[in-house]
Number of protein chains: 2
Amino acid sequence: MLSIGKLAEVTGVKVPTIRYYEQIGLMPCPGRSSGNQRLYGPAERQRLAFIRHARDLGFPLQAIRELLALTDRPETSCEAADRIARAQLAEVNSRISRLMALRAELERMLERHCAGRVADCRVIEVLGDHGLCLHHDRPVMGDIAVSDAPDNPPKRNPRYRACR
Amino acid sequence: MLSIGKLAEVTGVKVPTIRYYEQIGLMPCPGRSSGNQRLYGPAERQRLAFIRHARDLGFPLQAIRELLALTDRPETSCEAADRIARAQLAEVNSRISRLMALRAELERMLERHCAGRVADCRVIEVLGDHGLCLHHDRPVMGDIAVSDAPDNPPKRNPRYRACR
DNA sequence: CTAATCTCTCTAGCGGCTAGAGGTTCAAGG
DNA sequence: CCTTGAACCTCTAGCCGCTAGAGAGATTAG
């Protein structure tokens, strides 16, 4: 039996995240020690590894919920699993192509950059005038997940309330 | 002078988003009509277009805040603007490469998919065993921003509280 | 004048966690 | 056996970048 800390260690999922998964019903309520601490067996460990892997592949938690429901019914058709994976692939492809357009635009913006004043800056100029762009639609950003580096200090900016 | 609705229309930024930008101090507090409704002039319109364009290029709001501060001091060096744009380009490149690894893995997972039961499903199998993967690190997902299509109905799932 | 459409402020919610407070339990060393 | 310190517990609140909705007031077209 594993404590939550050990489980976190072997699966690479952080402790609060495991508790979060339990809270939203993705992980079952595990047994508890006499002192009310969570204890996990191999089944839970396998389940969490599945979740972690699917997350690493970018599946949203809702999709993972559905995939897990499928593993609980192994005799049903795997058509649904296939559909979910294909949707994820389509999503990834869409993100890639949009990011490539973005990259092209950013490179174009930077390639003739000035070494002078902001007033002449091509970056600023292009940002202010979409007409200088070739084309790009809405971006695909969000979740950085930039491997939580310790040199990436989370600076909390204190929620501006500008006017009034 | 434009009402907030007209401004939203000409810039493509939604009305609540404009108010949100004002709230966090990204847009200034505009003048008001006699009936307390916001009125925008060309300067605000230009500023919002700048923000919108930078968002489209994936810049986070904090970066946009800094870029806007630069445009307010046009005589300073554009070095900072350049640095911000390069950081953004690096970020985009990083996302692209990670997504490509993801895509490869998803395609591999799907290419020999079964037409049978979940028990034999390669998708499920691979998800359950990371050892079957080639390699991929953490993903780059998040903000879909999939051009708010009306065929994409926002289904609200009511915050599970599984156990207890 | 009325009805429809904006607009106002305010609060709460989304995904997917992360951080911290303030308390309890466990395991190793003396 | 006792102490210490790490790990654990629950709970709440915060992150980004919006989005949704309630319940009110303003404006505009017919």
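Calculation criteria
Residues numbered from 1 in each chain as written. Chains lettered and ligands numbered in written order. Predicted model: local features only at pLDDT ≥ 70, side-chain atom pairs only at ≥ 80, totals over all residues. Heavy atoms only, no water. Helix = DSSP H or I, 4+ residues; strand = E, 2+ residues; numbered from the N terminus. Buried < 20%, exposed > 50% of the residue type's maximum accessible area, 1.4 Å probe, protein only. Contact = heavy atoms within 4.5 Å. Areas by Shrake-Rupley, 256 points an atom, 1.4 Å probe, with all protein chains shown as cover. Phe/Tyr/Trp six-rings, centres within 6.5 Å; stacked < 30°, edge-to-face > 60°. Axes fitted to C-alpha atoms, helices over the stretch in contact; angles between N-to-C directions. Parallel < 35°, antiparallel > 145°, perpendicular 65-115°, else oblique. Near = heavy atom within 4 Å. Polar contact = N/O pair within 3.5 Å; in protein donor to acceptor, adjacent residues only side chain to side chain. Nonpolar A, V, L, I, M, F, W, Y, C, P; charged D, E, K, R; others polar. Left-handed = near helix turned anticlockwise from the far one by under 90°. Salt bridge = Lys/Arg side-chain N within 4 Å of Asp/Glu carboxyl O.

Examining the overall build of chain A
At step 1: Of the regular secondary structure elements, chain A holds six helices and two strands.
At step 2: Secondary structure elements in chain A, listed N-terminal to C-terminal, are α-α-β-β-α-α-α-α.
At step 3: A buried classification covers 38% of the 164 residues belonging to chain A.
At step 4: Contacts in chain A between residues at least 24 apart in sequence constitute 49% of all its contacts with a sequence separation of at least 6.
At step 5: Taken as a whole, chain A presents about 9,100 Å² of accessible surface, with 52% of it coming from carbon and sulfur.

Structural notes on the packing of aromatic side chains
Residues and elements named next belong to chain A.
At step 1: Under the defined criterion, the tally for this structure stands at two aromatic pairs over all chains.
At step 2: On the basis of an interplanar angle of 45° and a centroid distance of 6.0 Å, the ring pair of Y20 and Y21 is categorised as tilted.
At step 3: The exposure class assigned to Y20 is partly exposed, which follows from its relative accessible area of 33%.

Let's talk about the packing of helix α1 (residues 4–11) of chain A against helix α2 (residues 15–23) of chain A
Residues and elements named next belong to chain A.
At step 1: Across the interface, α1 lies against α2 with an axial gap of 9 Å and an inter-helix angle of 105°. When the axes of α1 and α2 are compared, the pair comes out roughly perpendicular. Mapping the contact onto sequence places I4, G5, L7 and A8 in α1 and V15, I18 and R19 in α2.

Focus on the protein's contact with DNA strand D
At step 1: In the vicinity of DNA strand D there are 22 residues, among which S3, G5 and R19 of chain A together with Y21 and R55 of chain B approach most closely.
At step 2: For DNA strand D, the backbone portion of the atoms within 4 Å of the protein, that is sugar and phosphate, comes to 90%.
At step 3: S33 of chain B is positioned such that a nitrogen or oxygen atom in its side chain is 3.2 Å from a phosphate oxygen of DNA strand D.
At step 4: At 3.5 Å, a backbone N or O of L61 of chain B approaches a phosphate oxygen of DNA strand D.
At step 5: At the level of secondary structure, the elements contributing two or more residues to the surface near DNA strand D comprise α1 of chain A together with α2 (15–23) of chain B.
At step 6: No other element matches the three residues that α2 of chain B contributes to the surface near DNA strand D.
At step 7: Grouping the constituent residues of the surface near DNA strand D by class yields five nonpolar, 10 polar and seven charged.

A look at the packing of α1 of chain A against helix α3 (residues 42–56) of chain A
All names here are of chain A.
At step 1: Where α1 contacts α3, the axes come no closer than 10 Å and their chain directions differ by 45°. Put simply, α1 runs oblique to α3. Considering how the two elements wind past one another, α1 and α3 form a crossing that is right-handed. Of the residues in α3, those touching α1 at L7, V10 and T11 are R45, L48, A49 and R52.
At step 2: Considering only residue class, the contact of α1 with α3 consists of four nonpolar, one polar and two charged.

Brief notes about the environment of M27 of chain A
Residue and element names in this part refer to chain A.
At step 1: Mapped onto the secondary structure, M27 falls in the loop between α2 and β1 (31–32).
At step 2: Of the residues examined, M27 reaches a relative accessible area of 2% and is grouped as buried.
At step 3: Beyond its immediate stretch of four places on either side in the chain, M27 contacts Y21, E22, Y40, E44, R47, L48 and I51.

Topic: the pattern of salt bridges
At step 1: This structure, assessed with the given rule, holds 16 salt bridges over all chains.
At step 2: Among the ionic pairs, R117 of chain B bridges to E75 of chain A, the shortest N-O distance being 2.7 Å. In this pair, R117 of chain B sits in the loop between α5 (79–111) and α6 (122–128) while E75 of chain A sits in the loop between α4 (61–71) and α5 (79–111), so the two residues belong to two different chains.
At step 3: In this structure, R117 of chain B engages D120 of chain B in a salt bridge whose closest nitrogen and oxygen atoms are separated by 3.1 Å.
At step 4: Connected through salt bridges with shared partners, the residues E75 of chain A together with R117 and D120 of chain B form a single ionic network.

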